[in-house]
Amino acid sequence: MPIYDYKCDGCGHTFEETRRMADPPLTLCPECQEEKVRKVLSTGGVLGSIKNGEAGGGGPPMPPCAGGGCASGMCGL
Ligand SMILES: [Zn+2]
């Protein structure tokens with residue numbers, strides 16, 4: 001399941017959400033309750049790990065940096 005990064009243009013809050021393709025676009029900021037949230041591009045490492053997890057075939061979702069080389073520092077590993 002893809003994880004998207006979101007950023008609020010109102011208060012600058014950033015967060016991650018796991019979304020399905022069928023879900024409506026996320027626009028409401030959980031911090032300031034304004035509809036100023038926009039999706040931002042994830043890091044290459046996150047996208048790569050997600051692709052690897054899907055290739056495994058129905059296994060548990062892999063943490064963003066399981067493949068090593070976390071460039072964002074957001075995973076705490
Ligand atoms: Zn906000």
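Conventions and cut-offs
Residues numbered from 1 in each chain as written. Predicted model: local features only at pLDDT ≥ 70, side-chain atom pairs only at ≥ 80, totals over all residues. Heavy atoms only, no water. Pairing = 2+ DSSP bridges. Helix = DSSP H or I, 4+ residues; strand = E, 2+ residues; numbered from the N terminus. Axes fitted to C-alpha atoms, helices over the stretch in contact; angles between N-to-C directions. Donors = N, O, S within 2.8 Å, 3.2 Å for Na, K, Ca; no water. Tetrahedral: all angles 85-135°; square planar, octahedral: opposite > 155°, others 65-115°. Buried < 20%, exposed > 50% of the residue type's maximum accessible area, 1.4 Å probe, protein only. 1 Å grid on protein atoms, 1.4 Å probe; cavity = no way out; pocket = protein on both sides within 12 Å on 5 of 7 lines; lining within 4 Å. Points joined across faces, edges and corners; volume = space filled by probe spheres on them. Nonpolar A, V, L, I, M, F, W, Y, C, P; charged D, E, K, R; others polar. Salt bridge = Lys/Arg side-chain N within 4 Å of Asp/Glu carboxyl O.

Colleague: Whenever I open this one, the sheet that holds strand β2 (residues 14-18) confuses me. Can you help?
Modeller: Within a sheet, adjacent strands bond to each other through the backbone by hydrogen bonds, running parallel or antiparallel. Taken in spatial order, the three strands make up an open sheet running β2-β1-β3, and their pairing is antiparallel. Each having just a single partner strand, β2 and β3 (37-40) make up the two edges of the open sheet. Neighbour to neighbour, the strand axes of the sheet diverge by 40 degrees on average, direction disregarded. Across four bridges, strand β1 (residues 3-8) lies against β3 in antiparallel orientation. Residue pairing for β3: C8 is matched across the bridge by V37.

Colleague: I would appreciate a short explanation of the coordination of the zinc ion in the present structure.
Modeller: Metal coordination angles have textbook ideals: 109.5 degrees for a tetrahedral set of four donors and 90 or 180 degrees for an octahedral set of six. Surrounding the zinc ion are the protein donor atoms C8 (SG), C11 (SG), C29 (SG) and C32 (SG), which sit 2.3 Å from the metal. Bound by four donor atoms, the zinc ion shows angles of 106 to 114 degrees at the metal and therefore tetrahedral coordination geometry. Spacing between the donor residues of the zinc ion along their common chain follows C-x2-C-x17-C-x2-C. For C8, a relative accessible area of 1% translates into the label buried. Look at C11 and you get partly exposed, because its relative accessible area is 40%.

Colleague: Is there a simple way to explain the layout of surface pockets in this structure?
Modeller: With a probe scaled to a water molecule rolled over the atoms, the places where space remains empty come into view. Quantified by volume, the second largest pocket comes out at close to 160 Å³. Surrounding the second largest pocket, Y4, Y6, R19, R20, M21, D23, P24, P25, L26, V37, R38 and K39 form its lining. Of all elements in the fold, only β1 and β3 reach the threshold of two or more residues within the lining of the second largest pocket. Examining the composition of the lining of the second largest pocket, we find that three residues originate from one element, β3, more than from any other. Tallied by class, residues from the lining of the second largest pocket come to seven nonpolar, no polar and five charged.

Colleague: Is there a simple way to explain the pattern of salt bridges in this structure?
Modeller: When their charged atoms lie close together, side chains carrying opposite charge are able to pair. In the structure shown here, the tally under the stated rule is three salt bridges. The partner of R20 in a salt bridge is D23, with the nearest N and O atoms 3.9 Å apart.

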